[in-house]
Amino acid sequence: MRKTTAIAVICLLSLACGRHSAKINGHIDGIEGCPLRLEKVAVGKVTPLDSVRLSTSGKFSFTIKDVEPATFYQLTLDTLGSLMLLAHEGEHVHLQAHAGNLISSAQVGGSQDAELLVQLQQNSVQINRLLDSLLSITAATEAEQINVRRGINRLFVRQKQYNTRFILTHPTSPSSMLAYYQKFGKQASLFGTADDRFLLRALADSMRAHYPKSTYTKSLLTDLDVLEGVARREAMQGLMNTAAVLDKPEIELPDMQGKMHNLSALKGKVVLLDFWASTNKVSLMDNRELLTVYKEYHKNGFEVFQVSLDEGVAEWEASVMQQALPWISVHCNVNEGCIAAQSYVVQKLPANYLINRKGEIVGKNLYGDELKKKVKELLK
């Protein structure tokens, strides 16, 4: 009877220990006998946990004791690269990969969050390969340089859109925290502007509810406070600047062919300076009304100088061609800080300024019949 009781106690202790631990094992082909390190990754800190040598068949196995919630682990093959994984209490994560392309070849089982994390890294690897190809191009002419910059901007938008969808689709997965902090290339942050605070707030609230003790959750909440502060300061500065716009700041931006256009060159005409984005539905509706005004009064000296604030060049170009917009259409990169939008204190889209023949701002945010009436008056 005592022997049976002792066995039962041992079994219970084993189960309890298993619940607080996790395993990561599998095999990595192509580099048998190489040292493989297991590291814990926290915000700004990497802690070594264990190290093994791959067997002759590439097999390895790690046991992680005292698993903490929402903790990232990293497998590192010296100079051949690293792969980040997630492992919760009681999980047995299995990895199959090739040393030559550790992330791209990785296949993971045993943990849904680990699978999501690998998908995120694989997308980043794909984007970075395309980025490296663009950066290796020797652009001799200005037109070639513009094309390279456009390509880089499209890749940035592509990765940011992917990571945004990832976060919104998997709001309770710790992998979404890495999606927010993932870089474009080696240094550029995907998120961190005041406009990103809405996504960050949703993610931080979800992580706080599910993983309140995670260092990443604490970092998200700190960054959210910073972005909220930035947004408040920008709003206050906007209010101060609105009253101070007494003159018409210059704008010099390229069109789709790379030709530079200056707003000051239109002096002598009645000009509508219009800020818009192809993703803004109200902007698209306003364009239809503006086409009517433009066709009626362009021959009399009315011109439109339209500045796109699209994050991606491709979206802007496609929208201009689809709508067959006949006026001056230029693009300002909001991800690099659009000076034109800042100079004219653009707080929301669409936004416009009406400028008379002397180059003076005489109206703001005029649309439809109101715009038509004012343009007709100025052209007399």
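If you're wondering where the values come from, they're calculated on a predicted model, not measured in any experiment. (Residues numbered from 1 in each chain as written. Predicted model: local features only at pLDDT ≥ 70, side-chain atom pairs only at ≥ 80, totals over all residues. Heavy atoms only, no water.)

1. Concerning the sheet that holds strand S14 (residues 302–308)
- Across the sheet, which stays open at both edges, the 5 strands sit in the order S15-S14-S13-S16-S17 with mixed pairing between neighbours. Either end of the sheet is taken by a strand with one partner, and the two such strands are strand S15 (328–331) and strand S17 (361–364). Between one strand and the next, the sheet's axes are offset by a mean angle of 20 degrees, whatever the strand orientation.
- With 7 bridges joining them, strand S13 (residues 270–276) and S14 adopt parallel strand pairing. Residue pairing across strands places tryptophan 276 opposite serine 308, the latter belonging to S14.
- Packed onto the sheet, helix H7 (residues 281–297) meets S13 and S14 and runs at close to 155 degrees relative to S14.
- Against the sheet, helix H8 (residues 313–323) contacts S13, S14 and S15, and its axis sits at roughly 165 degrees relative to S15. (Pairing = 2+ DSSP bridges. Helix = DSSP H or I, 4+ residues; strand = E, 2+ residues; numbered from the N terminus. Axes fitted to C-alpha atoms, helices over the stretch in contact; angles between N-to-C directions. Contact = heavy atoms within 4.5 Å.)

2. Observations concerning the packing of aromatic side chains
- Under the defined criterion, the tally for this structure stands at 10 aromatic pairs.
- Relative to phenylalanine 62, the ring of phenylalanine 60 lies with its centre 6.0 Å away and its plane at 50 degrees, an arrangement referred to as tilted.
- Here phenylalanine 60 falls in the buried class, since its relative accessible area comes to 6%.
- Since its relative accessible area comes to 1%, phenylalanine 62 is described here as buried.
- Centroid distance phenylalanine 156 to phenylalanine 184: 5.3 Å. Interplanar angle 85 degrees. Geometry classified as edge-to-face. With phenylalanine 156 in helix H3 (residues 142–169) and phenylalanine 184 in strand S9 (residues 183–184), this pair connects stretches of sequence that are 28 residues apart.
- Here phenylalanine 184 falls in the buried class, since its relative accessible area comes to 8%.
- The structure contains a cluster of three or more aromatic residues connected by ring pairs, namely Phe72, Tyr180, Tyr181, Phe191 and Tyr216. (Phe/Tyr/Trp six-rings, centres within 6.5 Å; stacked < 30°, edge-to-face > 60°. Buried < 20%, exposed > 50% of the residue type's maximum accessible area, 1.4 Å probe, protein only.)

3. What to know about the pattern of salt bridges
- In this structure the tally under the stated criterion is 11 salt bridges.
- With a shortest N-O distance of 3.3 Å, glutamate 39 and arginine 37 are connected by a salt bridge.
- Overall, the relative accessible area of 9% leaves glutamate 39 in the buried class.
- The exposure class of arginine 37 is partly exposed, given its relative accessible area of 30%.
- Within the structure, one salt-bridge network assembled from shared partners comprises Arg37, Glu39 and Asp78. (Salt bridge = Lys/Arg side-chain N within 4 Å of Asp/Glu carboxyl O.)

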